[in-house]
Amino acid sequence: MPIILEPTDLSIQRAAEAMRAGQAVAFPTETVYGLGALTHDPRGIAEVYRMKWRPSNNPLIAHVLDAHGAREIVEGWDPRCDELTSRLWPGPLTLVLPRRANVPVEAAGGRATIAVRSPSHPVARRLLQELGGESISAPSANRSGHVSPTLASHVAEDFATELDLMILNGGRSEFGLESTVLDLTTARPTLLRPGTVTLESLRQILGDVDAPEVHEQGASPGTAPRHYAPRTPAALIPINGIRAALALEPRPCAVLCFDPSHVPSPHTGITMPRDAHLYGSTLYDALRSADTLGCARILIEMPPSADGLWRAVVDRLRRATA
Ligand code: TXA
Ligand code: MG
């Protein structure tokens, strides 16, 4: 198994040294754990793609300490970024901007743009500081297509065969869903991936923001319809539709629902919070647990809303069940 390290000064130094030597290191963020390498080191970037089994055309997010760090890797500076970054950074908002020529094209999946965000998790920030403000390119620390990790142990499970991988332990990720991705290189700002920074709050700052329902793979490969998926086949069921769905299912199912008293044996109910924020922070752990039960199917009760914070939850549920 990989090595899980408590985030002491010494282990942060070791992690930074490993990254400077061209290795990938897993670290916590407030959204999900990331598998990071130095943005400017093509060796480390290649390691990230290899370990994740990630197609080389799926670009990575560069993590920086602040807007100053972002300006080092983007071309020009879109004036809209001032307000976005002063209000929402550090935090779960990723901006897609023109890539500076000095950023290796490998770190951007071959694109002329680069996605950048400033994580708020203290361990991620200590690692960035230890690297002297150099940017870290990091996708979520899961094998490609699988559920994102919100605990160090999730990373260790996905990368069980990577014996030398260092994982900095930062506890449970506060938000538990990947960052909001906003493309500022399009004619109008475009929401590529909903997250904890809501579409409504972005519209308050920017006015118009496009939010296409189904993303083309080309626009942002990580938004392919089936993604964030457990290994057990999963299906969404309407709210209050559990009894009807289970009546048709003779084999044991795992059921993520708001009221497990509707789940008779031999099925297993997993209680989900009614609060969108709490739901988001526990969803991936629940999907990973459901996956270990050896059930025939995972059934997931549809949340009560698809707006605000629920938009990101519903987006991930659709992809997990696509
Ligand atoms: O919360 C997060 O964003 C986490 C943590 C570790 O920061 N990272 C994460 O990375 O979710 P990843 O690689 O799993 O997802 C990045 C998403 C993908 O959908 C990718 O296609 C999109 O961002 N993306 C990255 N760079 C892009 C670019 N230049 N243009 C369009 N989409 C981009
Ligand atoms: Mg991912």
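Residues numbered from 1 in each chain as written. Chains lettered and ligands numbered in written order. Predicted model: local features only at pLDDT ≥ 70, side-chain atom pairs only at ≥ 80, totals over all residues. Heavy atoms only, no water.

In this structure, what is going on with the sheet that holds strand E12 (residues 253–257)? I would like to understand it.
Two modes of strand pairing occur in sheets, parallel and antiparallel, and in both the strands are linked by backbone hydrogen bonds. An order of E11-E14-E12-E13 is seen for the four strands of this open sheet, with the pairing classed as parallel. Each edge of the open sheet carries a strand with a single partner, namely strand E11 (234–237) and strand E13 (268–271). In this sheet, adjacent strand axes meet at a mean angle of 20° when their direction is disregarded. Bridge analysis of E12 against strand E14 (residues 297–301) gives four bridges, and the strand direction is parallel. (Pairing = 2+ DSSP bridges. Helix = DSSP H or I, 4+ residues; strand = E, 2+ residues; numbered from the N terminus. Axes fitted to C-alpha atoms, helices over the stretch in contact; angles between N-to-C directions.)

Mind showing me how you'd approach the packing of aromatic side chains here?
Geometry of an aromatic ring pair is reported as the spacing of the ring centres plus the angle between the planes. Scanning the model with the defined rule gives three aromatic pairs in all. When the centroid spacing of 5.4 Å and the interplanar angle of 70° are considered together, the rings of Tyr 279 and Trp 310 count as edge-to-face. Taken together, the residues Tyr 279 in helix H9 (residues 276–291) and Trp 310 in helix H10 (residues 310–320) connect sequence positions 31 residues apart. Accessibility expressed as a relative area gives 0% for Tyr 279, which makes it buried. For Trp 310, a relative accessible area of 9% gives the class buried. (Phe/Tyr/Trp six-rings, centres within 6.5 Å; stacked < 30°, edge-to-face > 60°. Buried < 20%, exposed > 50% of the residue type's maximum accessible area, 1.4 Å probe, protein only.)

Got a minute to help me understand empty space enclosed by the protein in this structure?
The rolling of a water-molecule-sized probe over the atoms marks out the regions of remaining empty space. By the definition in use, this model includes two cavities of 30 Å³ or more. Here the largest cavity is characterised by a volume of approximately 60 Å³. Along the walls of the largest cavity sit Phe 175, Leu 177, Gly 195, Thr 196, Ala 276, His 277, Gly 280, Leu 309, Ala 312 and Val 313, which together make up its complete lining. For the lining of the largest cavity, the elements supplying multiple residues, two or more each, are H9 and H10. Taken together, the residues of the lining of the largest cavity sort by class into six nonpolar, four polar and no charged. Here the second largest cavity is characterised by a volume of approximately 30 Å³. Every residue along the wall of the second largest cavity is listed here: Thr 180, Leu 191, Pro 194, Gly 195, Val 197, Thr 198, Leu 199, Gly 308, Arg 311 and Ala 312. A breakdown of the residues in the lining of the second largest cavity according to their chemical character gives five nonpolar, four polar and one charged. (1 Å grid on protein atoms, 1.4 Å probe; cavity = no way out; pocket = protein on both sides within 12 Å on 5 of 7 lines; lining within 4 Å. Points joined across faces, edges and corners; volume = space filled by probe spheres on them. Nonpolar A, V, L, I, M, F, W, Y, C, P; charged D, E, K, R; others polar.)

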